[in-house]
Amino acid sequence: MNYETLQVTIADHVAEISLNRPEKANCLTETSFRELAEVFAAMDDNEDVRVVILQGNGKHFCAGIDLELLLSINAKVDDTCDGRKREKLRKLVLALQAPMNAIEACRKPVLAAIHGGCIGGGLDLAAACDMRYCAADAYFTIKEIDLGMVADLGSLQRLPKFMSPALVNEMAYTGRNVSADEAERIGLVNKSFESKDALLTGVRAIATQIASKSPLSIRGIKEVLLYVRDHSVSDSLQQIALWNAAMILSEDLAAAGRAAMMKSQPTFRN
């Protein structure tokens, strides 16, 4: 799995995807967007992968969209017809949303390990992950307001689903930095660690624990939780009834039952 802007390793059912433009604070290029969408689709398909960790190499998690990409938008959508120009622009925005949607659509839990800046498009990536953890030096910014833009890659849509909408409003209107301590307090991250090394150690331990569980059940939990987020309690109860009617009578259930009786650790196939 060779990528221009990413590093990918897989071991013990845990994939680690690292944004790998440290000299540019992991700013996202057109190639970055394409490769991120591709790699998360690949993680979804890879039966050996049960959990994914998303992190950044260098001093920052991700400083957002590369300025060169922003400055090239006019040329990319240029057309003598205004309607066709707007159509191309809409298509471009949807293409840039694709990596975030791919993270969410990936059936395996995705854990973000964030250090340094998590800015603009970087926060869009983090918001699409199932869990977020950070180092003490991390800070989070919806930066688009300072560029005269409305954030359009997912932060404004996803953050209010697990944070106070009023706090998301404040971040979006002001563009201020949210520190690691505040991020933990307001529910933007699950936990803050004292250093990047401690962060990676902690996140890897959580990923290893998840990877030891029934892969079929983990995939089901993610699908159910995403459904619950966007539907009523009544609809969600109907959906889980259908899910378990289809999936609960699995070999994983039997393996877990045998292990419980024998007071041993169950093992599951992918």
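Anything mentioned here points back to the structure above.
Chemist: Please clarify how the sheet that holds strand E8 (residues 178-179) should be interpreted in this entry.
Modeler: Note on sheets: strands pair through backbone hydrogen bonds, and any given pair is parallel or antiparallel. On the basis of which strands lie adjacent, the open sheet formed by 3 strands has the order E5-E7-E8 and mixed pairing. Lying at the two open borders of the sheet, with one neighbouring strand each, are strand E5 (117-119) and E8. Sheet topology places strand E7 (residues 139-141) next to E8; 2 bridges connect them, and they run antiparallel. Within E8, the residue paired with Phe140 across the bridge is Val178.

Chemist: Before we go on, may I ask you to explain empty space enclosed by the protein in this structure?
Modeler: Any empty space left between the atoms is revealed when a probe the size of a water molecule rolls over them. One pass over the structure, following the stated rule, counts 1 cavity of 30 Å³ or more. Looking at the largest cavity, its volume works out to about 30 Å³. Lining the largest cavity are Thr5, Leu19, Asn20, Arg21, Asn26, Cys27, Leu28 and Ser32. Among the residues making up the lining of the largest cavity, the classes are represented as 3 nonpolar, 4 polar and 1 charged.

Chemist: Explain the nonpolar core here, please?
Modeler: Within soluble globular proteins, side chains that are nonpolar generally end up buried alongside one another. Counting residues in hydrophobic clusters, the biggest one holds 53 residues, and the most contacted among them are Ile17, Phe40, Met43, Leu54, Ile114, Phe140 and Leu188. Once residues lying within four places of it in the same chain are set aside, the contact partners of Ile114 are Phe61, Ala126, Arg132, Tyr133, Cys134, Ala135, Ala138, Phe140 and Leu199. In terms of nonpolar packing, the next biggest core, distinct from the first, is built from 16 residues, Ile53, Leu111, Ala113 and Ile210 among them.

Chemist: Where do I start with the packing of helix H10 (residues 215-230) against helix H11 (residues 233-247) in this structure?
Modeler: Two packed helices can be described by the angle between their axes and the distance between those axes. Two elements in contact, H10 and H11, have axes separated by 10 Å at closest approach and are oriented at 160°. Relative to H11, the element H10 is oriented roughly antiparallel. Regarding H10 and H11, the two cross each other, and that crossing is right-handed. Residues Leu216, Gly220, Glu223, Val224, Tyr227 and Val228 of H10 form the contact with H11, whose participating residues are Asp235, Ser236, Gln239, Ile240, Trp243 and Met247. Tallied by class, the residues present in the contact of H10 with H11 amount to 7 nonpolar, 3 polar and 2 charged.

Chemist: What am I meant to see in the sheet that holds strand E4 (residues 110-114) here?
Modeler: Strand order in the open sheet made by the 6 strands is E1-E2-E3-E4-E6-E9, with mixed pairing throughout. Bordering the open sheet on either side are strand E1 (6-11) and strand E9 (191-193), each of which pairs with just one other strand. Adjacent strand axes in the sheet meet at a mean angle of 20°, parallel and antiparallel pairs treated alike. Sheet topology note: the strand E2 (residues 14-19)/strand E3 (residues 51-56) ladder contains 6 bridges and is parallel. Bridging from a neighbouring strand, Glu16 pairs with Ile53 of E3. Its contacts with the sheet put helix H9 (residues 196-211) on E2, E3, E4, strand E6 (131-135) and E9, and the angle it makes with E3 is roughly 165°.

Criteria and cut-off values
- Residues numbered from 1 in each chain as written.
- Predicted model: local features only at pLDDT ≥ 70, side-chain atom pairs only at ≥ 80, totals over all residues.
- Heavy atoms only, no water.
- Pairing = 2+ DSSP bridges.
- Helix = DSSP H or I, 4+ residues; strand = E, 2+ residues; numbered from the N terminus.
- 1 Å grid on protein atoms, 1.4 Å probe; cavity = no way out; pocket = protein on both sides within 12 Å on 5 of 7 lines; lining within 4 Å.
- Points joined across faces, edges and corners; volume = space filled by probe spheres on them.
- Nonpolar A, V, L, I, M, F, W, Y, C, P; charged D, E, K, R; others polar.
- Core = buried A, V, L, I, M, F, W, Y, C linked by side-chain atoms within 4.5 Å.
- Buried < 20%, exposed > 50% of the residue type's maximum accessible area, 1.4 Å probe, protein only.
- Contact = heavy atoms within 4.5 Å.
- Axes fitted to C-alpha atoms, helices over the stretch in contact; angles between N-to-C directions.
- Parallel < 35°, antiparallel > 145°, perpendicular 65-115°, else oblique.
- Left-handed = near helix turned anticlockwise from the far one by under 90°.

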